[in-house]
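Given next are the chains, with one letter for each unit.
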Amino acid sequence: MKRFASLLLALVMLVSLTACDKGGLDLNLGGADKDKESPPPVQSSSSDEQEDDNQGGSQLVEPDEDGVALGYEGDTLHTEFFDMTINNPYTCEEFDGLTPNEGYKFLVAELTVYNHTMTTQPMMDVDFEVIWDLDDDDAWAWPECDETQDENGEPVYSIRSEQQLPVEYDLGIRKTVTGLLLYQVPEDAKDFFIAYYEVYAPVAGSDEPEYGDSFYVRFSA
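Read on for a plain summary of the structure.

Cut-offs used in this document
- Residues numbered from 1 in each chain as written.
- Predicted model: local features only at pLDDT ≥ 70, side-chain atom pairs only at ≥ 80, totals over all residues.
- Heavy atoms only, no water.
- Helix = DSSP H or I, 4+ residues; strand = E, 2+ residues; numbered from the N terminus.
- Buried < 20%, exposed > 50% of the residue type's maximum accessible area, 1.4 Å probe, protein only.
- Areas by Shrake-Rupley, 256 points an atom, 1.4 Å probe, with all protein chains shown as cover.
- Phe/Tyr/Trp six-rings, centres within 6.5 Å; stacked < 30°, edge-to-face > 60°.
- Polar contact = N/O pair within 3.5 Å; in protein donor to acceptor, adjacent residues only side chain to side chain.
- Pairing = 2+ DSSP bridges.
- Core = buried A, V, L, I, M, F, W, Y, C linked by side-chain atoms within 4.5 Å.
- Contact = heavy atoms within 4.5 Å.
- 1 Å grid on protein atoms, 1.4 Å probe; cavity = no way out; pocket = protein on both sides within 12 Å on 5 of 7 lines; lining within 4 Å.
- Points joined across faces, edges and corners; volume = space filled by probe spheres on them.
- Nonpolar A, V, L, I, M, F, W, Y, C, P; charged D, E, K, R; others polar.

**Some words on the overall build of the protein**
Move 1: Check the secondary structure of the protein and you find one helix and 15 strands.
Move 2: Burial statistics for the protein: of 221 residues in total, 46% are counted as buried.
Move 3: When the accessible area of the protein is evaluated, it comes to approximately 11,500 Å², of which 45% is carbon and sulfur surface.

Now the structure itself:
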């Protein structure tokens, strides 16, 4: 939690500097820890081969000396495991026959991920959370999914719309996957981050995962 708080502080400072330099919006955004159990595998989306390592937006964004990368809609953020680009975010009151809970609306964003490594990368929808208020530890959400139980009482997660990226899939070497992230957000929210945090397996003798850099895509919708 201390590491997460320090990352948010670094992000706030970075956003403040960006606003001063470029006349950016005065955003009020936030995040939370990632403690959800891993869902079972589902079928991967289709992918196409790519020829180079910059597969997305207007510029390639890498972490600064504090381990924080801040990009915008259309930018490509370069993580240890893949490049990620957010495009065409919008909000709506109905999506593919689904309606949000009272007081909420849907946020839809197109995500493109490209595996620039030499190893297949396991991907999960909960790798990408949305944040809308930095002052509220609860002002964040994972992509929408349905939860059921298998015969052993274990949770089983599935997407709510076939237009969404799978709950879990493999991203092959030099492969690209593009699909939609679907979130529920407060109906009065306008400015957002979609965040990704590098997470590594625990070191020997520890149960705690190791964390790398943090990546944030900032936009209005």
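**Details of the packing of aromatic side chains**
Move 1: Here the structure, examined in full by the defined rule, presents nine aromatic pairs.
Move 2: With a centroid separation of 4.9 Å and 85° between ring planes, the pair formed by Trp140 and Trp142 is classed as edge-to-face.
Move 3: Using a relative accessible area of 18% as the deciding quantity, one classes Trp142 as buried.
Move 4: Taken together, the aromatic side chains of Phe82, Phe128, Tyr196 and Phe215 make up a single cluster linked through ring pairs.

**Some points on the side chain of Glu129**
Move 1: Tracing the sequence through the fold places Glu129 in strand β8 (residues 129-131).
Move 2: Looking at Glu129, its side chain comes within polar contact range of the side chain of Tyr197, at 3.3 Å.

**Brief notes about the sheet that holds strand β15 (residues 210-220)**
Move 1: As summarised here, the arrangement of the five strands in space is β3-β15-β14-β8-β9, forming an open sheet in which the pairing is mixed. If you trace the sheet from one side to the other, it starts and ends with β3 (68-72) and β9 (140-141), each paired once.
Move 2: Pairing of strand β14 (residues 191-200) with β15 involves nine bridges; the strand directions are antiparallel. Across the sheet, residue Ala195 finds its bridge partner in β15, namely Tyr216.

**Some words on the nonpolar core**
Move 1: Judged by nonpolar contacts, the single largest core of 31 residues is most densely connected at Phe82, Met84, Val113, Phe128, Val130 and Ile194.
Move 2: Secondary structure elements with two or more residues in this core: β5 (83-92), β6 (104-114), β12 (168-171), β13 (175-186), β14 and β15.
Move 3: Excluding anything up to four places from it in sequence, Val130 contacts Leu107, Ala139, Trp140, Ala141, Tyr183, Val185, Phe192, Phe193 and Ile194.

**Some details on empty space enclosed by the protein**
Move 1: Using the criterion set out here, one finds one cavity of 30 Å³ or more in the structure.
Move 2: Considering only enclosed or pocket space, the largest cavity measures out at about 30 Å³ in volume.
Move 3: For the largest cavity, the full set of lining residues is Asp125, Pro143, Glu144, Ile159, Gln164, Leu165, Leu180 and Leu181.
Move 4: A per-class count over the lining of the largest cavity returns five nonpolar, one polar and two charged.

**Concerning the pairing of β13**
On a regular strand, one side chain projects to one face of the sheet and the next to the other, so that they alternate.
Move 1: Counting buried residues in β13 gives ten out of twelve residues, a clear majority hidden from the surface.
Move 2: Sheet topology note: the β6/β13 ladder contains eleven bridges and is antiparallel. Its bridge partner lying in β13, Phe106 is registered against Gln184.

Everything listed here is a matter of coordinates, which is why it stays silent on function.
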